[in-house]
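A look at the structure
For reference, the chains in residue letters:
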Amino acid sequence: MIEQIVQWDKELLVALNGSSSLFLDGVMMTITKTTTWIPLFACLLYAVVRNNTWRRSFLIIAVIALLLILADQFANTFCKPYFHRLRPSQSPDLANVIDLVNGYRCGLYGFISSHAANTFSVSVFFMLLFRDKRINLLLPVWPLLASYSRLYLGVHYPLDIVAGTLWGIFCGVLVYGFFRWASLRFCPQVCMSSSLCTSTGYRRSDITPILLVFPLIFIYITIRATLFAFTY
């Protein structure tokens with residue numbers, strides 16, 4: 001049964017991996033880079049600082065750091081060395097089957113995906129923190145695109161992504177629960193009751209930049225992908 005699941009995993013990867021388009025190669029290479037999403041993270045922190053006291057802001061930033069350590073280190077320090085599952089890009093069986101972009105192979109082992117774990121954990125945490133319908137609809141686009149880029153580039157199997165996603169969601173919920181406990185104990189926030197604020201007291205006007213930064217990121221991705229296509 002396990003062998004059959006592994007075989008299905010490989011077949012699904014082959015179906016999702018790569019394309020004949022240099023432009024799409026450039027899109028996925030840009031999406032997969034953490035630096036591409038720094039403006040989004042900056043806007044998330046901006047909303048936090050604007051709507052909280054310095055003490056509560058410090059607590060949120062601290063638990064985000066804890067969140068990333070928990071999500072990333074479990075994937076990279078425990079899972080990958082323990083399971084020793086070669087990435088598709090490093091597997092001799094798939095060397096002549098999958099498409100690799102510009103020789104990009106990443107590290108040796110890939111289970112579980114730290115990209116999926118990190119991005120989903122942060123997204124879930126902020127969705128719970130803000131409780132805004134617009135954020136709930138748009139913010140998951142980030143981890144979904146980042147996760148798909150790993151399949152497209154051939155550096156993860158689908159099961160790597162699924163496991164990383166589940167771990168990331170678990171970490172996001174767990175750390176948010178810890179944050180709620182710590183904030184109520186040490187720095188409670190009085191939520192403003194207003195149609196201009198979310199149920200957790202965040203001004204909707206301060207959340208708007210998070211929504212506006214997405215089109216700018218996509219413009220940047222398009223420009224980088226176009227340059228990539230012409231360069232290679």
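Residues numbered from 1 in each chain as written. Predicted model: local features only at pLDDT ≥ 70, side-chain atom pairs only at ≥ 80, totals over all residues. Heavy atoms only, no water.

**With respect to the packing of helix α4 (residues 54-83) against helix α8 (residues 158-186)**
Note the cut-off: Axis angles are defined between N-to-C directions and span 0 to 180 degrees, where every axis is a line fitted to C-alpha atoms and, for a helix, only to the segment in contact. The helix and strand labels rest on DSSP assignments: H or I over at least four residues marks a helix, E over at least two residues marks a strand, and numbering proceeds from the N terminus. Each angle gets one of four labels, with under 35 degrees taken as roughly parallel, over 145 as roughly antiparallel, 65 to 115 as roughly perpendicular, and the rest as oblique. Note on convention: near helix rotated counterclockwise from far helix by under a right angle means a left-handed crossing. Clockwise means right-handed. The contact rule is simple, with two residues in contact once any of their heavy atoms fall within 4.5 Å.
One way to put it is that α4 packs onto α8 with a least axis distance of 10 Å and a crossing angle of 155°. Between α4 and α8, the angle is such that the two are roughly antiparallel. Seen from above, α4 lies across α8 with right-handed handedness. Contact residues: R55, R56, L59, I60, V63, L66, L67, L70, A71 and F74 in α4; W167, C171, G172, L174, V175, F178, F179, A182, S183 and F186 in α8.

**Examining the layout of surface pockets**
The following threshold applies: Using a 1 Å grid laid over the protein atoms alone, points where a 1.4 Å probe fits but cannot get out form a cavity; open sets with protein on both sides within 12 Å along at least 5 of 7 lines form a pocket; any residue with an atom within 4 Å of a point counts as lining. Grid points are joined across faces, edges and corners, and a volume is the space filled by probe spheres set on the points.
The computed volume of the largest pocket comes to approximately 320 Å³. If you go around the largest pocket, you meet 15 residues; those closest to its centre are T34, L68, N118, T119 and W142. Looking at the lining of the largest pocket, the elements that each hand over two or more residues are α3 (38-50), α5 (114-130) and α7 (141-152). Broken down by element, the residue count for the lining of the largest pocket peaks at 5 residues, all from α5.

**Overview of the pattern of salt bridges**
Quick note on the threshold: Whenever Lys or Arg places a side-chain nitrogen within 4 Å of a carboxyl oxygen from Asp or Glu, that contact is recorded as a salt bridge. When a residue's accessible area, from a 1.4 Å probe over protein chains only, is under 20% of the maximum for its type it is buried; when over 50% it is exposed; and in between it is partly exposed.
In this structure the tally under the stated criterion is 6 salt bridges. In this structure, D9 and R85 form a salt bridge, with 2.9 Å as the shortest nitrogen-oxygen distance. With D9 in helix α1 (residues 2-16) and R85 in the loop between α4 and α5, the pair connects residues that are 76 residues apart, well separated along the chain. Of the charged contacts, one joins R134 and D132 as a salt bridge, the two residues approaching to 3.2 Å between their closest N and O atoms. The class for R134 is partly exposed, based on a relative accessible area of 32%. Each of the salt bridges in this network shares a partner with another, and the network as a whole consists of D9, R85 and D160.

**Observations regarding unusual backbone geometry**
The omega torsion of the bond from F111 to I112 falls at 10°, within 30 degrees of zero and hence cis. Mapped onto the elements of the fold, I112 is located in the loop between α4 and α5. Non-glycine residue R131 carries a positive phi angle of around 55°. Among the structural elements, R131 can be located in the loop between α5 and α6 (133-138). Taking the relative accessible area as the measure of exposure, R131 reaches 40% and is therefore partly exposed.

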